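An overview of the molecular structure
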Amino acid sequence: MGKTQKRNFLVTAAAIALICGAVSSAYALDPTPKWCSGVKIAAFPGGPQGGVFANNVYNGYRQAELDLGPSVTYYFSNWDPNLMITQLQQAIATKVDGIAFMGHPGDAATDPQIDKAFAQGIIFTTANTALPDAQAKYGPQGMGYVGAPNHLAGLALGAEAAKRAGLKAGDLAFVWGLKGQGGDRGSRTVGVIESIEKTGAKVIYQEIDKATDADPNAGTPIFVGVMKANPGIKLVVTDHGALTANVGVFARAASLKPGEVFFAGFDMSPATAKAVKEGYQELVIDQQPYLQGYLPILNICLTKKFGFSGLDINTAGAFVDPKNVDAIAPLAAQEIR
């Protein structure tokens, strides 16, 4: 290349770089505080106000509200699917921009309301319990899911608990869950039972009644009755965060010593961490409810402001046991796990 050609090449390259830099700067999005301000959202923590799991979800919602700037109205539902539907209808009537919902009522009951929401321009997304039919339909319009793949999570906990408890054919296991709720939520209990039954053990199943669903202390007589009626139970699985948090209470009421029965369950909390350290609770699958609050708010904001499709995020990634509980306990104490 001659001197003139080389000079012309360098000038051209510099000009291209300058143009590209100008285009980049012109289209760059500067970081903006409270970039979701003005967006109105209805958010469902799921359980009772102050409840163990619901409070972690609520704290995630509140942090997202503070960080991103939307205006959020909260609906506490006592884990009652019928109440959730009633509250959902109320939320749609307020003409919010987005709804962060828990899918416990299932697709059949919820999807007509989701159709109504999207028809009105309301972004709808879910946490904790999926609504797969609606998500398949409205995912491109912003409907996502933040939570565990519930049936797989049930299978995983059931298999790990059965292995650690040393279950074999003929042994007894007690599963306390929500199989009767059906849908994605019920499938988690089904997964637990399926894994345990593969060992040949016999499953004694107890559906969580409405009173215990709202207040785990109401289930203490039920637990004691099941344990007394079935001596020799080796494994207890509580498919409910609040019941898992109450394992120490249940065990003491039934005069069980730490380690006498292998307890496994879902979701971390301060009380659950304490039960692990005391030797009552031996295995927990942590589905990180704080994220089930924070990320649906982010999902709605991203869709409303920038047209992003729905987020689909698995939050159930790890087991907690006596070996690692000390690392998790401080976070559980802050109600962010």
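In this report, the structure presented in the accompanying data block is examined. Note that the structure is predicted; figures quoted are calculated from it, not measured. (Residues numbered from 1 in each chain as written. Predicted model: local features only at pLDDT ≥ 70, side-chain atom pairs only at ≥ 80, totals over all residues. Heavy atoms only, no water.)

Our next topic: the overall build of the protein chain. Looking only at helices and strands, the protein chain features 14 helices and twelve strands. Dimensions along the principal axes, computed over C-alpha positions, put the protein chain at roughly 95 × 55 × 35 Å. Out of the 337 residues belonging to the protein chain, those deemed buried represent 53%. Summarising the internal contacts of the protein chain: among those between residues at least 6 apart in sequence, 74% fall at separations of at least 24. Carbon and sulfur atoms make up 57% of the accessible area of the protein chain, which amounts to about 14700 Å² in all. In the protein chain, 28 side chains carry a positive charge and 28 a negative one; their mean positions are 7 Å apart. (Helix = DSSP H or I, 4+ residues; strand = E, 2+ residues; numbered from the N terminus. Buried < 20%, exposed > 50% of the residue type's maximum accessible area, 1.4 Å probe, protein only. Contact = heavy atoms within 4.5 Å. Areas by Shrake-Rupley, 256 points an atom, 1.4 Å probe, with all protein chains shown as cover. Lys, Arg positive; Asp, Glu negative; His and termini not counted. Charge placed at Lys NZ, Arg CZ, Asp CG, Glu CD.)

Tallying each qualifying case throughout the model produces one disulfide. Here Cys36 connects covalently by a disulfide to Cys301, the sulfurs 2.1 Å from one another. Here the S-S torsion is close to -90 degrees, and the disulfide linking Cys36 with Cys301 is therefore left-handed. Separated by 265 residues along the polypeptide, Cys36 in the loop between helix H1 (3–27) and strand E1 (40–43) and Cys301 in helix H13 (residues 289–306) bring together distant segments of the chain. We classify Cys36 as buried; its relative accessible area is 0%. On the basis of relative accessibility, which here comes to 0%, the residue Cys301 falls in the buried class. (Disulfide = S-S within 2.5 Å.)

Taking 1.5 Å per residue as the helical rise, helix H7 (residues 183–197) with its 15 residues ought to reach 21 Å, and the 21 Å between its terminal C-alpha atoms agrees with that figure. Extensive coverage of H7 is indicated by the burial of eleven of its 15 residues. (Expected span 1.5 Å × (residues − 1).)

Further remarks concern the sheet that holds strand E6 (residues 172–177). The pairing of strands in a sheet happens through backbone hydrogen bonds and is either parallel or antiparallel. Strands sit in the order E7-E6-E8-E9-E10-E12 across an open sheet of six strands; the sheet is mixed. Pairing within the sheet leaves two strands with one partner each, and these edge strands are strand E7 (202–207) and strand E12 (318–320). Ignoring which end each strand starts from, the neighbouring axes of this sheet average 20 degrees apart. Of the strand pairs in this sheet, strand E9 (residues 262–266) and strand E10 (residues 281–286) are connected by four bridges, and their pairing is parallel. By the bridge assignment, Gly265 is partnered in E10 with Val284. Taken strand by strand, H7 contacts E6, E7, strand E8 (233–238) and E9, and its axis lies near 175 degrees from that of E6. (Pairing = 2+ DSSP bridges. Axes fitted to C-alpha atoms, helices over the stretch in contact; angles between N-to-C directions.)

For the pair helix H3 (residues 81–93) and helix H4 (residues 106–119), the least separation of the axes is 11 Å and the interaxial angle reads 5 degrees. Considered as vectors, H3 and H4 are oriented roughly parallel to each other. Residue-level inspection shows Ile85, Leu88, Gln89 and Ile92 of H3 in contact with H4, the latter providing Ala109, Thr110, Gln113, Lys116 and Ala117. Here the residues of the contact of H3 with H4 are counted per class, giving five nonpolar, three polar and one charged. (Parallel < 35°, antiparallel > 145°, perpendicular 65-115°, else oblique. Nonpolar A, V, L, I, M, F, W, Y, C, P; charged D, E, K, R; others polar.)

Between its terminal C-alpha atoms H13 stretches 26 Å, which fits the 26 Å expected from 18 residues at 1.5 Å a residue. Of the residues trailing H13, Gly307 is marked for its positive phi of about 75 degrees.

Moving on, we come to the environment of Asp67. As for its position among the elements, Asp67 is in helix H2 (residues 52–68). The exposure class assigned to Asp67 is partly exposed, which follows from its relative accessible area of 33%. Sequence separation of Asp67 and Cys36 is 31 residues, and the distance between their C-alpha atoms is 9.0 Å. If we skip the residues at most four places from it in the chain, Asp67 touches Lys34 and Tyr294. One polar contact links Asp67 to Tyr294, side chain to side chain, over a distance of 2.7 Å. (Polar contact = N/O pair within 3.5 Å; in protein donor to acceptor, adjacent residues only side chain to side chain.)

A separate point is the pattern of salt bridges. Within the structure shown, the criterion is met by twelve salt bridges. For the salt bridge of Lys163 with Glu160, the shortest nitrogen-to-oxygen distance reads 3.6 Å. On the criterion of helical spacing, the pair formed by Lys163 and Glu160 is a turn pair, its members being three residues apart in helix H6 (residues 150–165). Looking at Lys163, the relative accessible area reads 60%, which means it is exposed. On the basis of relative accessible area, Glu160 is assigned to the buried category, the value being 17%. Through salt bridges with shared partners, one network takes in Glu160, Lys163, Arg164 and Asp321. (Salt bridge = Lys/Arg side-chain N within 4 Å of Asp/Glu carboxyl O.)

With that out of the way, let us pick up the packing of aromatic side chains. All told, the structure shown has 16 aromatic pairs when counted by the stated rule. Ring centres of Tyr58 and Phe76 lie 5.4 Å apart, and the angle between their planes is 65 degrees; on these two criteria the pair is classed as edge-to-face. With Tyr58 in helix H2 and Phe76 in the loop between strand E2 (71–74) and H3, this pair connects stretches of sequence that are 18 residues apart. An identical accessibility class is assigned to Tyr58 and Phe76; each is buried. The lysine or arginine in question, Lys179, covers the ring of Tyr205, its NZ or CZ lying 4.8 Å from the ring centre. Its guanidinium or amino end placed over the ring of Phe266, Arg188 lies 3.8 Å from that ring's centre, counting from NZ or CZ. (Phe/Tyr/Trp six-rings, centres within 6.5 Å; stacked < 30°, edge-to-face > 60°. Lys NZ or Arg CZ within 6 Å of the ring centre and 35° of its normal.)

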